[in-house]
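Chain residues, written in single-letter form:
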Amino acid sequence: MASANSPGFQSMFEEVVHAKRLSNSKITKLCEIAMKNMENDSQMVSIMFRTHRSLSASGKVSSLYAIDALARNAKGAIEKKKVIADPNSPTGNCATFLLKLEGVLESIIQDMISTGTPEAKEKTKKILDIWTRHQTFSQSVMSRLAGITTEASGQGAYRDCHPVFAKYSFCSCNPIRASPCGCACKGVRHELRHVICSIQRRKALSQLHPLAIHEKRPRHPQM
């Protein structure tokens, strides 16, 4: 059995992420290699993380898709074979692979958002949607990842917001718009992070400024 740090997994992962276009056949082959090397889960996660951080913005998008394929393939094997994570086992499996991948996901998603490209942000949100629907990772992990994208969206809206709302970085430039918060707001720089529905937001914001209860408000030019 080939080791994960041999020309097997690493070379295939690099081939996928450096290609001009994503190849389904190459991703399928990458998943097959990974499944044969799950005992080397730590090495594979390390390779994925290091490679991802070194890529260009477009390469990071391909890397995220490859990571998605590997994660969901492992999740499928866990459900099919009832694999469990044994922290005392000297060798890894699909379950421990996912757990170790969870440990670097926040850094990977932060890295995707920090590229600043619309494509990277759009693809990141798309992948997070898929992971949420398929319950690829634990709910607590998904809440933290959602918090990263929520914070990024709020920071991007600062310049367009009325000064009354500028310090309250909600998920959207319109703080009235309904958008569930909860744990997803962790790390977002606003004082009303526990307001989780439009009714609560309207009530809280109306106490700050009477204009807050109106859906329409003047849009200020960018600074």
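Residues numbered from 1 in each chain as written. Predicted model: local features only at pLDDT ≥ 70, side-chain atom pairs only at ≥ 80, totals over all residues. Heavy atoms only, no water.

- Looking at an unreviewed UniProt entry, one finds the chain named CID domain-containing protein and attributed to Sistotremastrum suecicum HHB10207 ss-3.

## What about the overall build of the chain?
- If you tally the helices and strands in the chain, you get eight helices and zero strands.
- Ordering the α and β elements of the chain from the N terminus gives α-α-α-α-α-α-α-α.
- Buried positions account for 45% of the 223 residues belonging to the chain.
- Sequence separation of 24 or more characterises 65% of the internal contacts of the chain that already satisfy a separation of 6 or more.
- A total of about 12300 Å² of accessible surface is found on the chain, and carbon and sulfur atoms cover 53% of it. (Helix = DSSP H or I, 4+ residues; strand = E, 2+ residues; numbered from the N terminus. Buried < 20%, exposed > 50% of the residue type's maximum accessible area, 1.4 Å probe, protein only. Contact = heavy atoms within 4.5 Å. Areas by Shrake-Rupley, 256 points an atom, 1.4 Å probe, with all protein chains shown as cover.)

## Observations regarding the side chain of threonine 96
- Along the polypeptide, threonine 96 turns up in helix α5 (residues 94-114).
- What makes threonine 96 buried here is its relative accessible area of 8%.
- With sequence-adjacent residues up to four places away left out, threonine 96 is seen in contact with Asp41, Ala85 and Asp86.

## Things to note about the pattern of salt bridges
- Under the defined criterion, the tally for this structure stands at six salt bridges.
- Among the salt bridges present, the one from aspartate 41 reaches lysine 100, with a minimum N-O distance of 3.0 Å. Of the two residues, aspartate 41 sits in helix α3 (residues 41-54) while lysine 100 sits in helix α5, which places them 59 residues apart along the sequence.
- For aspartate 41, a relative accessible area of 3% puts it in the buried group.
- For arginine 53, the salt bridge is made with aspartate 111, and the minimal N-O distance between the two is 3.7 Å. Here arginine 53 is found in helix α3, whereas its partner aspartate 111 is found in helix α5, with 58 residues between them in sequence.
- Exposure remark for arginine 53: the relative accessible area of 44% places this residue in the partly exposed category.
- With relative accessibility at 11%, the residue aspartate 111 sits in the buried group.
- A single salt-bridge network, built from bridges that share partners, covers Arg53, Lys60 and Asp111. (Salt bridge = Lys/Arg side-chain N within 4 Å of Asp/Glu carboxyl O.)

## What about helix α4 (residues 57-81)?
- The end-to-end C-alpha distance of α4, which contains 25 residues, comes to 36 Å, matching closely the 36 Å that a straight helix rising 1.5 Å per residue would cover.
- Just beyond α4, the residue with positive phi is lysine 82, at close to 55°. (Expected span 1.5 Å × (residues − 1).)

## Thoughts on the packing of α3 against α4
- At a closest axis distance of 9 Å, the pairing of α3 and α4 adopts a crossing angle of 160°. The orientation of α3 relative to α4 falls into the category roughly antiparallel. The two elements α3 and α4 meet at a crossing, and its hand is left-handed. Across from Met48, His52, Arg53 and Ser54 in α3, the residues of α4 making contact are Lys60, Ser63, Leu64, Ile67 and Leu70.
- Among the residues forming the contact of α3 with α4, the class breakdown is four nonpolar, three polar and two charged. (Axes fitted to C-alpha atoms, helices over the stretch in contact; angles between N-to-C directions. Parallel < 35°, antiparallel > 145°, perpendicular 65-115°, else oblique. Left-handed = near helix turned anticlockwise from the far one by under 90°. Nonpolar A, V, L, I, M, F, W, Y, C, P; charged D, E, K, R; others polar.)

## Describing the nonpolar core
- One finds Phe9, Phe97, Leu101 and Trp131 to be the most contacted residues of the largest nonpolar core, which totals 49 residues.
- Listed by contribution, the elements that provide at least two residues to this core are α1 (9-18), α2 (24-36), α3, α4, α5, α6 (118-134) and α7 (139-156).
- The residues contacting tryptophan 131, other than those within four sequence positions of it, are Leu64, Asp68, Arg72, Leu105, Ile109, Thr136, Phe137, Met142 and Leu145. (Core = buried A, V, L, I, M, F, W, Y, C linked by side-chain atoms within 4.5 Å.)

## Description of the environment of lysine 75
- Residue position: lysine 75 is located in helix α4.
- Residue classification places lysine 75 among the partly exposed residues on the basis of a relative accessible area of 22%.
- Aside from chain neighbours lying at most four places away, what touches lysine 75 is Leu98, Gln135 and Thr136.

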